[in-house]
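Inside the fold
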2 protein chains.
Amino acid sequence: MTASDLAYVPFVDVEEMMHLVLDIGLETCLADLTAYIEEDFRRWPLFDKTPRVASHSRDGVIELMPTSDGREYAFKYVNGHPANMKKGLQTVTAFGLLADVESGYPVLLSEMTILTALRTGATSALATRILARPGSQTLAMIGNGAQSEFQALALKTVCGVTALRLFDTDPEATRKCMANLADSGLAVTICNSAEEAVQGADIVTTCTADKQIATVLHDNMIGAGVHINAIGGDCPGKTELQSDILNRADVFVEYPPQTRIEGEIQQMAPDFPVTELWEVLSGAAEGRRDSRQITLFDGVGFAIEDFSALRWLRDQVVRLDRGQRLDMIADPDDPRDLFGMIERERHRRAAA
Amino acid sequence: MTASDLAYVPFVDVEEMMHLVLDIGLETCLADLTAYIEEDFRRWPLFDKTPRVASHSRDGVIELMPTSDGREYAFKYVNGHPANMKKGLQTVTAFGLLADVESGYPVLLSEMTILTALRTGATSALATRILARPGSQTLAMIGNGAQSEFQALALKTVCGVTALRLFDTDPEATRKCMANLADSGLAVTICNSAEEAVQGADIVTTCTADKQIATVLHDNMIGAGVHINAIGGDCPGKTELQSDILNRADVFVEYPPQTRIEGEIQQMAPDFPVTELWEVLSGAAEGRRDSRQITLFDGVGFAIEDFSALRWLRDQVVRLDRGQRLDMIADPDDPRDLFGMIERERHRRAAA
């Protein structure tokens, strides 16, 4: 690549992301993303891990989530504004960037609202594949909002889930989820309560959205051998599980310093024992020991998953020759002559 | 604005930035930017100030610089890769984003290589206007690289500088700077040494580029009453001034926690006395006391200046109806139905 090529940054906008997903196939995307995330989790110690940089306000939070493996660098911009929904705005919007560490030049800018939905589903699928009982087929989904279909399809594709039991306090959300999954091949059952939804489920995923302590899973609802993905408890002051479940379960997390602040385990003592998911992949820690154990993935979303997602997307953009090219990096003929670049533009205009 | 309007983020690319600068006029841009920066410095305590988030590698650094005044939020992505120049790449490239704190939605994405050059000149101009002796007219510029013309023009426009004395260890850089300023109205003198350049200068600006301790100003070169802008010493391990000068001068800085790491005063004890520039503006601290005092602005570039620059640019984009609109934020009809947005796109494609 020449310097001038590098001055143009490939950009995937929302429409292009939808087309990429449809062209590749949503389930293939979820399976491939799971593989990219697994690959990066397997080389976890290589990554530069910093907590999110958060700017809190009365109405929400704006965060930057950077990480790097020494060869590539990624960050995601993401906001969380619960009151946005009432105004018809997205609660969470996101975009992200991948850059080359050697030169510092950006190599991909992308919308990340859709991409984050995909990677969140893929991360749950990875955790479930590792931790759920072999042969798990029935998934109970408590919370049928924007993330629910991605969770369901990722677990279908990656973990072999065939049956889905839905519950949401808002029946409209459940109807929407069911309609969206009508052609998915999943056998979908609508339930009237969380208690009903978890009956016979091998896997329970909670992904409710309110920013408050809302206990959607009580201890007596969880039987032996179940795997839980707790996705919705993902910021300070927001949890979904009764603490008794945490005491009965073996808890697996992405990055403890972040999860202890944002995850379900914010309810527990600072030394509450957890296992890092990457250690199960590397063989350094044990995953599921037996068929009666309750395993719990306390997922909050970590920068490395966004890194994996951007890396996957960059590979698709290159492979399929997609995306716009943004003129984002000033590229004077002589790097010391930024001023002259403007002056030459002045002369071009005067001559035209 | 509707939700759909908000889903499109105004974007100023490199070419659009050049056209904006040429349409508004470079000197007007520098003067206006100085006013925006001054306005934000005057309300300094309002801002959320965090140190940069830096990711260091063998070849350089990638940084995120966020800040917020509670109403708007800005961050800049900027890299510093000294070896890039040999490959024909920019040593520093940058882009930035302005967002609305209430909704978390981005309101402007922009190239910031040119914009940073402008705001760096404007910040020096602000410091010089406050600190230099009244009637200062002659500027010595040591280091005639990419930043030099912006410094010269900003000080001409904002501070009334009329004469410029140039020196660089590379005569080619000086010739470039002189040629670029041929029509500026400044009386330019090329000098054969830094010693020669500072003779008769009221103001001395150092902006050399090498990432190393390179003493370009020695104590015996600085006479009574001079104001110095030390711009090039802006990262750990990079300084331009002999420490004796720092001891003789009164030192003014942007944000002490950052300047003590990155600025000229990294050479000094951690409690070396400095005055914050914003305090001089607010009247809380004294600026120049007398005509024999040496004043030194140890500028490293702070996030609030980028915030001011993005705020200024956003106002120009609105006023002049400029910029592209990037489809960066997913905008489903129902915020809970991100999946349905993709499905509806599938149906549109199938029907087409």
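Residues numbered from 1 in each chain as written. Chains lettered and ligands numbered in written order. Predicted model: local features only at pLDDT ≥ 70, side-chain atom pairs only at ≥ 80, totals over all residues. Heavy atoms only, no water.

Examining the overall build of chain A
Selection criterion: Strands here are runs of E lasting at least two residues and helices are runs of H or I lasting at least four, both read from the DSSP assignment and numbered beginning at the N terminus. The globule rule used for comparison is 2.2 Å times the number of residues to the exponent 0.38, while the radius of gyration itself is calculated over C-alpha atoms. Only protein chains enter the calculation, and the probe is 1.4 Å; a residue is then buried if its accessible area is under 20% of its type maximum, exposed if over 50%, and partly exposed in between. Any two residues whose heavy atoms approach within 4.5 Å at even a single point are treated as in contact. In these tables, accessible area is a Shrake-Rupley quantity obtained with a 1.4 Å probe, and a residue counts as shielded only by the protein chains included in the view.
Helix and strand content of chain A: 12 helices and 16 strands. The C-alpha atoms of chain A give a radius of gyration of 22 Å, which matches the 20 Å a tight globule of 352 residues would have. Seen through its C-alpha atoms, chain A measures out along the principal axes to roughly 80 × 40 × 40 Å. For chain A, the residues scored as buried account for 62% of the 352 residues in total. Partitioning the intrachain contacts of chain A with sequence separation of at least 6 by distance along the chain shows that 71% fall at a separation of at least 24. Accessible area of chain A: about 12,800 Å², with a carbon and sulfur share of 49%.

What about helix α11 (residues 303-320) of chain B?
Rule in force here: Here the expected span of a helix is defined as 1.5 Å times the quantity of residues minus one.
Here α11(B) spans 26 Å end to end across 18 residues, near enough to the 26 Å set by a 1.5 Å rise per residue. D321(B) lies just past α11(B) and shows a positive phi near 50 degrees.

Considerations on the sheet that holds strand β14 (residues 275-276) of chain B
Strand pairing in a sheet relies on backbone hydrogen bonds. The paired strands run either parallel or antiparallel. Residue and element names in this part refer to chain B. To keep things clear, this is the line we draw: In this scheme, strands are said to pair when DSSP sees at least two bridges between them. Note on geometry: axes are C-alpha line fits, over the in-contact stretch for helices, and angles between N-to-C directions span 0 to 180 degrees.
Pairing is parallel in the open sheet, where 8 strands are placed in the order β10-β9-β8-β11-β12-β15-β13-β14. Since the sheet does not close on itself, it has two edges, and those belong to β10 (187-190) and β14, each with one partner. Of the pairings in the sheet, the one linking strand β13 (residues 250-253) to strand β15 (residues 295-298) comprises 3 bridges and is parallel in character. Across the sheet, F252 pairs through a bridge with F297, a residue of β15. Running over the sheet, helix α6 (residues 171-180) touches β9 (163-167) and β10 and is turned about 160 degrees from β9.

Concerning the interface of chain B and chain A
Where interface size is given, it is often the accessible area lost as the parts come together that is meant. Threshold: Using a 1.4 Å probe, buried area is obtained as the accessible area two parts lose upon being combined, added over both of them. When a carboxyl oxygen of Asp or Glu lies within 4 Å of a side-chain nitrogen of Lys or Arg, that pair is called a salt bridge. Here a polar contact is taken to be a pair of N or O atoms separated by no more than 3.5 Å, where protein atoms must pair a possible hydrogen donor with a possible acceptor and residues adjacent in sequence count only if both atoms sit in side chains. Gly counts as polar in this scheme, as do all residues outside two lists: the nonpolar Ala, Val, Leu, Ile, Met, Phe, Trp, Tyr, Cys and Pro, and the charged Asp, Glu, Lys and Arg.
Chain B puts 78 residues into the contact, and the matching count from chain A is 78 residues. A combined buried area of about 7,400 Å² lies between chain B and chain A, and 67% of that area is made up of carbon and sulfur atoms. The largest per-residue losses of area from chain B upon contact with chain A belong to L22(B), R336(B) and F339(B), which jointly make up 11% of the total buried on that side. One can count 6 salt bridges joining chain B with chain A. Here D23(B) makes a salt bridge to R349(A), at a shortest N to O gap of 2.4 Å. At the junction of chain B and chain A, the tally comes to 33 residue pairs in polar contact (both at pLDDT 80 or more). Counting residues per element, the side of chain B that touches chain A draws most heavily on helix α12 (residues 338-351) of chain B, at 9 residues. Here the side of chain B that touches chain A is built from residues that sort into 42 nonpolar, 16 polar and 20 charged.

Some remarks on the relation of the copies chain B and chain A
Note the following rule: Our superposition of the copies is a least-squares fit, built on the C-alpha atoms of residues whose pLDDT is at least 70 in both.
Laying chain B over chain A is done by rotating through 180 degrees and shifting 0.0 Å along the axis; what remains is an RMSD of 0.0 Å. These values place the two chain copies in the arrangement generated by a two-fold rotation axis. Taken as a fraction of all interface residues of chain B, those also at the interface in chain A reach 100%, which identifies the copy contact as same-surface.

Let's talk about the pairing of strand β10 (residues 187-190) of chain A
Pairing between strand β9 (residues 163-167) of chain A and β10(A): 4 bridges, direction parallel. Within β10(A), the position partnered with A163(A) by the bridge is A187(A).

Observations regarding the confidence of the model for chain A
The criterion, for reference: As a per-residue quantity, pLDDT reports the predictor's confidence and falls between 0 and 100.
Looking at chain A, the pLDDT average stands at 93 and 97% of residues meet or exceed 70. Across the whole predicted complex the pTM is 0.92, and at the interface the ipTM reaches 0.90.

Thoughts on the pattern of salt bridges
Residue and element names in this part refer to chain A. By the definition in use, this model includes 52 salt bridges over all chains. For R129, the salt bridge is made with E38, and the minimal N-O distance between the two is 2.9 Å. Taken as a pair, R129 in helix α4 (residues 113-131) and E38 in helix α3 (residues 26-42) lie far apart in primary sequence, 91 residues in all. Looking at E38, the relative accessible area reads 11%, which means it is buried. Salt bridges here are not isolated pairs; linked through shared partners, they connect E39, D40, R43, D69 and R311.

Side note on the sheet that holds β10(A)
All names here are of chain A. Here we have 8 strands laid out as an open sheet, ordered β10-β9-β8-β11-β12-β15-β13-β14, and parallel in their pairing. With one partner strand each, in any of the chains shown, β10 and β14 (275-276) form the two edges of the open sheet. Looking at chain direction, strand β8 (residues 138-142) and strand β11 (residues 203-206) are connected through 4 bridges and run parallel. Looking at β11, one finds that A140 is bridged to V204. Together, β8, β9, β11 and β12 (227-230) form the strand contacts of helix α5 (residues 148-159), whose direction differs from that of β8 by roughly 170 degrees. Helix α6 (residues 171-180) rests against β9 and β10 of the sheet, and its axis sits at about 160 degrees to β9.

Brief notes about helix α2 (residues 14-24) of chain B
Side chains that are three or four residues apart share a direction in an α-helix, a result of its 3.6 residues per turn. All names here are of chain B. Of all 11 residues making up α2, 9 are buried, and the element is well covered by its neighbours. For α2, the set of buried residues is V14, E16, M17, M18, H19, L20, V21, L22 and I24. Sitting at the head of α2, D13 places a side-chain oxygen 3.2 Å from the backbone nitrogen of E15. Downstream of α2 by one or two residues, G25 has phi in the positive range, about 100 degrees.

Remarks on the packing of aromatic side chains
Put simply, the rule is: In this scheme Phe, Tyr and Trp rings, the latter by its six-membered ring, pair at centre separations within 6.5 Å, and the angle between planes marks the pair as stacked below 30 degrees, edge-to-face above 60, and tilted otherwise.
Summed over the entire model, instances satisfying the criterion amount to 23 aromatic pairs over all chains. A ring pair is formed by F41(A) and W44(A), whose centres lie 4.8 Å apart and whose planes are at 65 degrees; its orientation type is edge-to-face. Summarising the burial analysis for this pair, F41(A) and W44(A) share the class buried. With a centroid separation of 6.4 Å and an interplanar angle of 20 degrees, the aromatic rings of F75(A) and F95(B) are classed as stacked. With F75(A) in strand β5 (residues 72-80) and F95(B) in strand β6 (residues 94-100), the pair connects residues from two separate chains.

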